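Working through the structure, step by step
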Amino acid sequence: MEGGCRCGRVRWRIECEQPPRTYACHCSDCQTWSGSAFSQQAIVARERFECVGDVGQFDLPSADGQRTSIQFACPTCFTRLYNTNSARPGLVVIRAGTFDASHELTIVAHIWTKRKQPWLIIDDRWPTWQESAPQAELFRLIDAPPVKDLPPN
């Protein structure tokens, strides 16, 4: 599958046999970053992901300083494309709206629902968590690759 930014200067590709399953995050940060009620993302193995084109990078350390989320976006049209996180080495989190075939994606879980917009109704077929989901359970639902071991300090 392929995707990219709005202006077309940055393109990405993943190796996959079927569209990845996605989750929706309703936290305040995702609402702000997406400019919408939630963000939808797919998690893929870094070795199955390829990005072509110059990207801008924004490093966001966690409040406790223990990990860093690195956000990647097109510096021309400002489309937020994907991110990596030091807490999940070897994985890439792709913004679902940047898939060329985003209509083929399915949301199978919702996290941070205590922050969801009050008008939004979540299909009760899918699991929800008031805050973060247990990583193993969320990764099983979305069929994400396992997190690689962190390198020693």
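1. Quick look at the pattern of salt bridges
All told, the structure shown has six salt bridges when counted by the stated rule. Linking Glu 50 and Arg 13 is a salt bridge whose minimum nitrogen-to-oxygen distance equals 3.4 Å. With Glu 50 in strand S5 (residues 49-52) and Arg 13 in strand S2 (residues 11-14), this residue pair connects regions lying 37 residues apart in the sequence. Glu 50 gets classed as partly exposed once you look at its relative accessible area, which sits at 40%. The salt bridge involving Arg 125 is made with Asp 123; its shortest N-O contact spans 2.7 Å. Judged by relative accessible area, which is 60%, Arg 125 ranks as exposed. In this structure, a network of salt bridges that share partners links the residues Glu 2, Arg 11, Arg 13, Glu 50 and Asp 100.

2. Notes on the packing of aromatic side chains
Inspection of the entire model under this criterion finds four aromatic pairs. Judged by centre distance (4.7 Å) and plane angle (80 degrees), the ring pair of Trp 12 and Phe 99 falls under edge-to-face. Placement of Trp 12 in strand S2 and of Phe 99 in the loop between strand S9 (91-95) and strand S10 (106-111) is noted, with a sequence separation of 87 residues between them. On the accessibility criterion, Trp 12 (2% relative accessible area) is buried. Three or more aromatic residues joined by ring pairs make a cluster, and in this case those are Trp 12, Phe 49, Phe 72, Tyr 82 and Phe 99.

Rules behind the numbers
- Residues numbered from 1 in each chain as written.
- Predicted model: local features only at pLDDT ≥ 70, side-chain atom pairs only at ≥ 80, totals over all residues.
- Heavy atoms only, no water.
- Salt bridge = Lys/Arg side-chain N within 4 Å of Asp/Glu carboxyl O.
- Helix = DSSP H or I, 4+ residues; strand = E, 2+ residues; numbered from the N terminus.
- Buried < 20%, exposed > 50% of the residue type's maximum accessible area, 1.4 Å probe, protein only.
- Phe/Tyr/Trp six-rings, centres within 6.5 Å; stacked < 30°, edge-to-face > 60°.

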